[in-house]
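# Coordinate inspection notes
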Amino acid sequence: MRYHAVMTSIPRRCSRWTALLLAIGAVVLTGCIRFEVSFTVQEDGSGAVAVVTALSDEFIDALVEIGGPANDDGSFLGDIRHIPGAIVEEYREDGFSGERLTITVPDMTRIDEFLGGIDEVWQAAEQLEVEREGEGWRFELVVEPPRDDLVGLDDPEALDALDQGLSYTVRLSLPGRLTEHNADRVEAGEAVWELDVTAAEARVLRARSQPASGPAAGLVAGAIVAVVVLAVLAARSRSAVRGRAGA
């Protein structure tokens with residue numbers, strides 16, 4: 001299954017902050033805009049897609065200082081809020097304020113059917129594949145470089161400002177254990193990619209998983225080993241008794 005999922009347009013909207021980033025300066029520049037997309041796949045194939053857009057509280061305060069919009073809380077979701085089944089919640093975490101949008105997907109392998117209107121809403125595309133592979137799962141997402149669509153990125157200073165200001169993260173949770181991935185890091189079994197919004201080339205995110213060897217499987221294996229050991233010891237004990245009796 002190939003789905004033209006969108007993740008470049010929200011960073012594109014963030015480019016409207018480039019001038020403000022330059023005006024505010026480096027003190028509150030680093031990581032002041034948070035954009036995060038999370039994919040969660042369950043063993044039965046269901047799952048969810050969540051999008052977080054937020055501004056740091058320090059950046060919001062700085063906007064007030066320079067006469068920017070005092071009530072801007074990092075809401076970049078726009079018309080995406082109207083996707084059927086989408087739930088939008090207030091987001092406040094780690095000194096950031098904004099919104100989290102979550103879409104429940106009954107079958108992640110058919111995600112294009114459940115997010116059918118998303119292309120028209122976001123007007124950009126990447127290729128996303130979520131597939132069963134034997135007993136495990138395979139994930140692949142091509143993230144096209146958004147820099148050509150971003151306003152002002154022909155200016156090196158503006159490019160540097162956006163590079164420092166925008167945190168662009170993709171998270172993935174697959175059933176079982178990760179057996180292969182090209183993520184930047186793994187947190188509690190979750191693959192995490194930190195993307196460069198100013199990159200000139202596409203990046204392909206890949207991951208595979210297989211069923212985990214859980215505690216129950218470990219207990220069963222341990223019990224089998226214990227039974228074998230006890231049987232061997234019992235056999236040796238009987239042989240020793242017979243040997244003494246024969247003597």
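Quantities reported herein were computed from a predicted structural model and do not represent experimental measurements.

What follows is about a negative patch on the surface. A cluster of acidic side chains, namely D57, E58, D61 and E65, defines a negative patch on the protein surface. Mapped onto the elements, D57 comes out in helix α3 (residues 57–65).

Turning next to the pattern of salt bridges. Applying the stated rule across the entire model yields 17 salt bridges. The salt bridge partner of R138 is E133, with a shortest N-O separation of 4.0 Å. Its relative accessible area of 12% is what places R138 among the buried residues. Between E194 and R185 there is a salt bridge whose closest N-O contact spans 3.0 Å. By relative accessible area, E194 is classed as partly exposed at 30%. What makes R185 partly exposed here is its relative accessible area of 30%. When salt bridges that share partners are traced, they join E129, E131, E133, R138, E140, E180, R206 and R208 into one network.

The subject of this paragraph is the sheet that holds strand β11 (residues 190–195). Read from one edge to the other, the open sheet built from seven strands follows the order β4-β5-β3-β2-β8-β11-β10, with strand pairing classed as mixed. Two strands in the sheet have a free side with no partner beyond their single neighbour: β4 (86–93) and β10 (185–187). Ignoring strand direction, the axes of neighbouring strands in this sheet form an average angle of 20°. In this structure, strand β8 (residues 166–173) lies alongside β11, joined through five bridges in antiparallel fashion. Paired with Y168 across the strands is L195, a residue of β11.

Within the element layout of this structure, E43 appears in the loop between β2 (33–41) and β3 (47–56). E43 gets classed as partly exposed once you look at its relative accessible area, which sits at 46%. When the C-alpha positions of E43 and R132 are compared, they lie 9.7 Å apart, and in sequence the two are 89 residues distant. Setting aside its immediate chain neighbours within four residues, E43 contacts R132, W137 and P175.

Reading guide: rules and limits
Residues numbered from 1 in each chain as written. Predicted model: local features only at pLDDT ≥ 70, side-chain atom pairs only at ≥ 80, totals over all residues. Heavy atoms only, no water. Patch = residues over 30% accessible without salt bridge, like charges linked within 9 Å, V, L, I, M, F, W, Y side chains within 5 Å. Areas by Shrake-Rupley, 256 points an atom, 1.4 Å probe, with all protein chains shown as cover. Salt bridge = Lys/Arg side-chain N within 4 Å of Asp/Glu carboxyl O. Lys, Arg positive; Asp, Glu negative; His and termini not counted. Charge placed at Lys NZ, Arg CZ, Asp CG, Glu CD. Helix = DSSP H or I, 4+ residues; strand = E, 2+ residues; numbered from the N terminus. Buried < 20%, exposed > 50% of the residue type's maximum accessible area, 1.4 Å probe, protein only. Pairing = 2+ DSSP bridges. Axes fitted to C-alpha atoms, helices over the stretch in contact; angles between N-to-C directions. Contact = heavy atoms within 4.5 Å.

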